[in-house]
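The residues making up each chain are set out below.
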Amino acid sequence: MDERVAVQQGIVGAVSAGSVEVRNAGIGAVAGHDVSITNGGTGAVAAAGDVHITNGGSGPIGALGSISITNGGAQTIATLGGATLGERSFVAFVLAPKVTIESGARVLMNTPQALAAGAAFAVVLGVVMRRSGRRR
């Protein structure tokens, strides 16, 4: 999949290509090797390579490479590479082996916090399900 797709000044439901560039546009879902978003936004992103966001945003992002965001945001980042949150960026949850948070960036929960919250949720869910099973 060496194909390169650029979406400029439009709205597209979904794109799958080797390299995807979003500029002044919106895409519902993106699958590609490398993804670049500038002055635009996407829903879910799945990338085998890197994801770069500048002045834009995304829903959940899963990437095998690195993720960088400057002056933008994402709902959730899960990457096997590093995550760099630049100036004026926000991410709710980050799961990455290395996270760099630059001045002016914010993260609601980083990797250890997200894992702890998930474990606590699983315990509470288990207790609730066990108790609801006894009432029947």
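Since the model is a prediction, treat every value here as computed from it, not as a measurement. (Residues numbered from 1 in each chain as written. Predicted model: local features only at pLDDT ≥ 70, side-chain atom pairs only at ≥ 80, totals over all residues. Heavy atoms only, no water.)

Colleague: Help me understand the confidence of the model for the protein, please; the structure alone is not making it clear to me.
Modeller: Regions with low pLDDT should not have their predicted coordinates read in detail. A residue-level look at the protein finds 88% of positions with pLDDT of 70 or above and a mean pLDDT of 88. Put simply, helix α1 (residues 111-134) is where the protein has its lowest mean pLDDT, 72, and strand β5 (residues 51-54) is where it has its highest, 97. (pLDDT = per-residue confidence, 0-100. Helix = DSSP H or I, 4+ residues; strand = E, 2+ residues; numbered from the N terminus.)

Colleague: Looking at this structure, how should I read the nonpolar core?
Modeller: Side chains of nonpolar character tend, in soluble globular proteins, to be buried together. Counting residues in hydrophobic clusters, the biggest one holds 27 residues, and the most contacted among them are Val 20, Val 35, Val 51, Ile 69 and Ile 77. Setting aside residues up to four positions removed in sequence, Val 35 forms contacts with Val 20, Val 30, Val 45, Ala 47, Asp 50, Val 51 and His 52. (Core = buried A, V, L, I, M, F, W, Y, C linked by side-chain atoms within 4.5 Å. Buried < 20%, exposed > 50% of the residue type's maximum accessible area, 1.4 Å probe, protein only. Contact = heavy atoms within 4.5 Å.)

Colleague: Where do I start with the pairing of strand β2 (residues 11-23) in this structure?
Modeller: Successive residues of a regular strand alternate their side chains across the two faces of the sheet. Pairing of strand β1 (residues 4-8) with β2, which is carried by five bridges, proceeds in the parallel orientation. Opposite Ala 6, over in β2, you have Glu 21 as the bridge partner. As defined by bridge partners, β2 adjoins strand β3 (residues 26-38) across eleven bridges and the pair is classed as parallel. Counterpart to Ser 16 in the pairing with β3 is Ala 31. (Pairing = 2+ DSSP bridges.)

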